[in-house]
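# Topology and contacts: notes
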Amino acid sequence: MVSLSSLAIAEPPGPSELTGNSVTTPEFETGTHNTGGATTRLKDKPFKLSTSLFLQNDWVITRQSSEDEIDRSTGTPLNETRFLLRRGRLRIDGSRGPISGRFELDANTVNSVTLRPFEAVVSWRILSSLVPNHTIPFDATFRPALSRHVDITLNGGLMRIPFGFESSETDVNRPVLERSLVSRALMASGRDLGIGLNVVFDIVTLSIAYMNGEPLDENRFAGLDPTVSKDVVGRAFVDAPLGSRLKLQAGFSAASGTGFHAGTAAIKPTLLWTDGNENGLVEQSELSTSAGSPATPSKSYSRAAIGANIEFRYDWPVLGQTRCVGELIRAKNYDRGILPVDPISQGRDVRELGGSILLSQELTRFGQFAARYAYYDPDADSTRKGTRFILPKNSSMSLLSVALAARFSNDRLLLEYDHNRDHLARSLTGIPTRLRDDTVTLRMEVALP
Amino acid sequence: MIASSHLWLRSRWLPMLSNVAFFVACTDGTSADHGFDANLNVSGGTFFRGDLPISGKGPSVISLYLTRLAFAAGYVGKSFSGVLEENSVAAAIALEGDVGYFSVDAKPPGAENPTAPIFETALSFSRDVAMGEHRLLVWAIDAQGQLGSMATTSFTLLESEVPDSDLAIRLTWDTNADLDLSVEIPNGIVISSANPSSAVTAPGQAPEINQTGLLDRDSNKDCDIDGIRQENVAFVHGCASGHYRVYVSVPSLCGETAVHYRVEAFARSKLLGTATSNLTATTRRASAMQNGKTLALDVVVP
């Protein structure tokens, strides 16, 4: 057996959200790997397996929009004041030499009892000068070493979408319950199928991926792809120290791809009867015809998004770290999570704008306080019908989240208050107005080991 | 509860203050209350629980139009429209004594009165509304949210209607399940939702009307709940002598645990006979094993 250090090959990507118990086992597959003159059979190299568990159990103590009723069209409960399993993740990481694999299962009861693959990534570390267990592809929490180094990794499978700060941030590190509105809208679950390249050069990281464009949690085609063309998504960021205690991360993201509008089947002409005088009898004047329509073909449309983010981190003695994060995203036809768009049906492009500002403060290693303001406008050009004219309509929504957490090693007990500002309800005069939907949630979170 | 004479001025400082105090602002906006427990449902309307903020300074209602002023309890989709004074942007509609009211958007003026906005909607009534006379209360609303004077229109809720015919079979039930009525007439033809008319049509000829039975509707079809829970087969122009076997089937309980149904036979609105029964998921399965339908009545016409 040849030791890993003598091969000058770093360990493959380790777990990003979770660290696991490692099991080193020899003999897994055959093959050879040439490393500067030292030829070694891969089957002789040890492989490592690690498992990890991550649980988030939520108690939605109160949510204003809850009703003891069901949605009459879908049959789903309208009550959201409940206990739920938000995330139950079981993950296995395996690696041998430059090749590694990661498989993560997600169980939750958000919409129903669900068990699904959440990540399934095969990674090949093409080139690396990092020390073992130091690189995490597509992970914004990655802290590069001060010495200059290079790391190039090819990834394939169900993996993170490298767009925006929050899509890259791990659930463990996020100081509030959920990602911001715009991130959830554009990237849905933040996981999609594709291949990607992750390049780290000193303080600069570049992640680019070629993906289906139908992320998990997308409404219609999650995990599938109705179009031949794929989405190209990428993010570049620098993570640099600005002194002994202050660090800066600044990034830029871009995405471009193709959306899908489903065609319709042919509709036959039909005879309609409207019982105008409600006497229960069919009369000549109450009959009308509905013209049929031919089948329409499916169409595709272009979509794109750009985003920028900046983060400052300052480490205080004893108290802990202060984080300030700002992100701004502009997109066209890219909402796939909150209000999925179909510009073909709407007859125009749909422009989205969103962003968030987060401030968090560690309170020693036992506590954390965070506040985030998130804004999202799913359609900057939306309109509504007035009695005489078409009027502009404000569709924007915002969410202020205030969270206080008690921390025990990797585990947290987090209490959060969310105050919403949106235009999803209607006032007495028919103007879109705020839907009362404030929420108080208690989260019990454990990351094992 | 909606009272026609109640006045309540909404103060304006509270919403302004709540906009400033972000954390205290959880009470502004509109609640997610759908008003499923209200006795009136207004299609396309927004429900507001409680009393109306009536100021009397808003525009007035010019006219109201309700098709047929007497109809069956539990009626679904009754057309209701009205003409509002200029500057109206919406109309508030309430059933007197109900737990809340609905707001519907006004539409552009019609050709008859080019300055007056109109509203058009469909009303559905709960079966819990008592038989007898009731009042619909309507207010016009301007862009500032001010309501004008109240307009009313009265209507009468009747017991479930029976077609005035030589022979009528009526099926009614009490929960939102999907039940089907079918009647096998003396010549062997079965009138059902798949074959709603017993008329035998010769090619090129008009359908025979005499002694023809017609099924009026397939209520709650495929669990698309319409709330009517009633199906009738009527022979308006005579009926042949012989046995009329009346069957009830339950394609789906639509999530309900049980259903109680009643089958009645009438001759010129005179009750001939009644059959009632209960069905649960278990008895429905047993029924399904026997071609899925139960013989409820056998009416003999001499």
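Residues numbered from 1 in each chain as written. Chains lettered and ligands numbered in written order. Predicted model: local features only at pLDDT ≥ 70, side-chain atom pairs only at ≥ 80, totals over all residues. Heavy atoms only, no water.

## Some words on the state of the cysteines
All names here are of chain B. One pass over the full model with this rule turns up one disulfide over all chains. Put simply, Cys223 and Cys254 are joined by a disulfide, and their sulfur atoms are 2.1 Å apart. Note on the Cys223 and Cys254 pair: the S-S dihedral is about -90°, so by sign convention the disulfide is left-handed. Placement of Cys223 in the loop between strand S14 (213-215) and strand S15 (230-235) and of Cys254 in the loop between strand S16 (242-252) and strand S17 (258-267) is noted, with a sequence separation of 31 residues between them. The exposure class of Cys223 is partly exposed, given its relative accessible area of 30%. (Disulfide = S-S within 2.5 Å. Helix = DSSP H or I, 4+ residues; strand = E, 2+ residues; numbered from the N terminus. Buried < 20%, exposed > 50% of the residue type's maximum accessible area, 1.4 Å probe, protein only.)

## Structural notes on the nonpolar core
All names here are of chain B. Within the largest apolar cluster, 29 residues are counted, with the highest numbers of intra-cluster contacts made by Ile169, Leu179, Tyr244 and Val263. Sorting the residues of this core by element identifies strand S11 (167-173), strand S12 (178-184), S15, S16, S17, strand S18 (270-280) and strand S19 (293-301) as the ones contributing at least two each. Setting aside anything within four residues of it in sequence, one finds Tyr244 in contact with Leu167, Val183, Glu184, Ile185, Pro186, Phe235, Cys239, Leu297, Asp298, Val299 and Val301. Counting 25 residues, the second-largest nonpolar core is a separate cluster that includes Val42, Val104, Phe125 and Ala140. (Core = buried A, V, L, I, M, F, W, Y, C linked by side-chain atoms within 4.5 Å. Contact = heavy atoms within 4.5 Å.)

## A word on the side chain of Asp33 of chain B
Looking at where Asp33 of chain B falls in the secondary structure, it is placed in the loop between helix H1 (13-20) and strand S1 (40-42). Residue classification places Asp33 of chain B among the buried residues on the basis of a relative accessible area of 18%. Ignoring sequence-local partners within four residues, the contact set of Asp33 of chain B consists of Glu67 of chain A together with Phe47 and Arg49 of chain B.

## Remarks on the pairing of S17 of chain B
Residues and elements named next belong to chain B. Inspection of the sheet shows S11 paired to S17 by six bridges, in the antiparallel sense. Each bridged residue has a counterpart across the sheet, and for Leu171 the counterpart in S17 is Val263. Judged from the 10 bridges that link them, S17 and S18 form a sheet pairing that is antiparallel. Within S18, the position partnered with Glu264 by the bridge is Thr274. Hairpin connection of S17 to S18: two residues between the antiparallel strands, including Arg268 at a positive phi of 50°. (Pairing = 2+ DSSP bridges.)

## Some points on the sheet that holds S16 of chain B
Working definition: the strands of a sheet are paired by backbone hydrogen bonds and lie parallel or antiparallel to each other. All names here are of chain B. A sheet is described by the order of its strands in space; here four strands give the open sequence S13-S12-S16-S19, paired in antiparallel fashion. Since the sheet does not close on itself, it has two edges, and those belong to strand S13 (190-191) and S19, each with one partner. Two strands pair when backbone bridges link them, and S16 and S19 are joined in this way by eight bridges, in the antiparallel orientation. When the bridges of S19 are listed, Ser249 appears paired with Lys293.

## Here we look at the interface of chain B and chain A
Contacts between chain B and chain A engage 46 residues on the former and 29 residues on the latter. Taking both partners together, chain B and chain A bury about 2,900 Å²; carbon and sulfur atoms supply 51% of that area. The tally of links between chain B and chain A comes to one salt bridge. Of the charged contacts in the structure, one is a salt bridge between Arg426 of chain A and Asp105 of chain B, with a shortest N-O distance of 3.0 Å. Remark: the boundary between chain B and chain A carries seven residue pairs in polar contact (both at pLDDT 80 or more). If you list the elements that add at least two residues to the side of chain B that touches chain A, you get H1, strand S2 (46-49), strand S5 (78-84), strand S6 (88-95), strand S7 (100-105) and strand S9 (132-142) of chain B. For the side of chain B that touches chain A, the class distribution of residues is 20 nonpolar, 18 polar and eight charged. (Buried area = accessible area lost by both parts, 1.4 Å probe. Salt bridge = Lys/Arg side-chain N within 4 Å of Asp/Glu carboxyl O. Polar contact = N/O pair within 3.5 Å; in protein donor to acceptor, adjacent residues only side chain to side chain. Nonpolar A, V, L, I, M, F, W, Y, C, P; charged D, E, K, R; others polar.)

## What to know about the packing of aromatic side chains
Evaluation of the coordinates by the stated rule reveals 10 aromatic pairs over all chains. With a centroid separation of 5.4 Å and an interplanar angle of 20°, the aromatic rings of Trp59 of chain A and Phe83 of chain A are classed as stacked. Placement of Trp59 of chain A in strand S4 (residues 47-63) and of Phe83 of chain A in strand S5 (residues 83-96) is noted, with a sequence separation of 24 residues between them. Ring centres of Phe125 of chain B and Phe155 of chain B lie 5.1 Å apart, and the angle between their planes is 50°; this geometry places the pair in the tilted category. In this pair, Phe125 of chain B sits in strand S8 (residues 118-125) while Phe155 of chain B sits in strand S10 (residues 151-158), placing the two residues 30 residues apart along the sequence. Phe155 of chain B carries the same exposure label as Phe125 of chain B, and that label is buried. One aromatic cluster in this structure is built from Phe71, Phe125 and Phe155 of chain B. (Phe/Tyr/Trp six-rings, centres within 6.5 Å; stacked < 30°, edge-to-face > 60°.)

## Observations regarding the pattern of salt bridges
All names here are of chain A. Scanning the entire structure with this criterion turns up 43 salt bridges over all chains. Residue Glu80 is joined to Arg82 by a salt bridge in which the shortest nitrogen-to-oxygen separation is 3.5 Å. Residue classification places Arg82 among the partly exposed positions, given a relative accessible area of 22%. Here Lys247 ties to Asp315 by a salt bridge, and the two come within 3.6 Å at their closest N and O atoms.

## Considering a nonpolar patch on the surface
Among the surface-exposed residues, Trp59, Ile61, Phe83, Phe408, Leu413, Leu415 and Met444 of chain A lie close enough to one another that they form a single nonpolar patch of about 670 Å² accessible area. For the nonpolar patch, the elements supplying multiple residues, two or more each, are S4 and strand S22 (411-421) of chain A. (Patch = residues over 30% accessible without salt bridge, like charges linked within 9 Å, V, L, I, M, F, W, Y side chains within 5 Å. Areas by Shrake-Rupley, 256 points an atom, 1.4 Å probe, with all protein chains shown as cover.)

## Thoughts on the confidence of the model for chain A
All names here are of chain A. The share of residues in chain A with pLDDT of 70 or more is 84%, and the mean pLDDT across the chain is 84. Contacts of residues 1-40 to residues separated by more than four positions or lying in other chains number 119 contacts, the stretch itself having pLDDT below 50. Segment residues 131-146 is flagged for pLDDT under 50; beyond a separation of four residues in sequence, or across chains, it makes 50 contacts in the model. (pLDDT = per-residue confidence, 0-100.)

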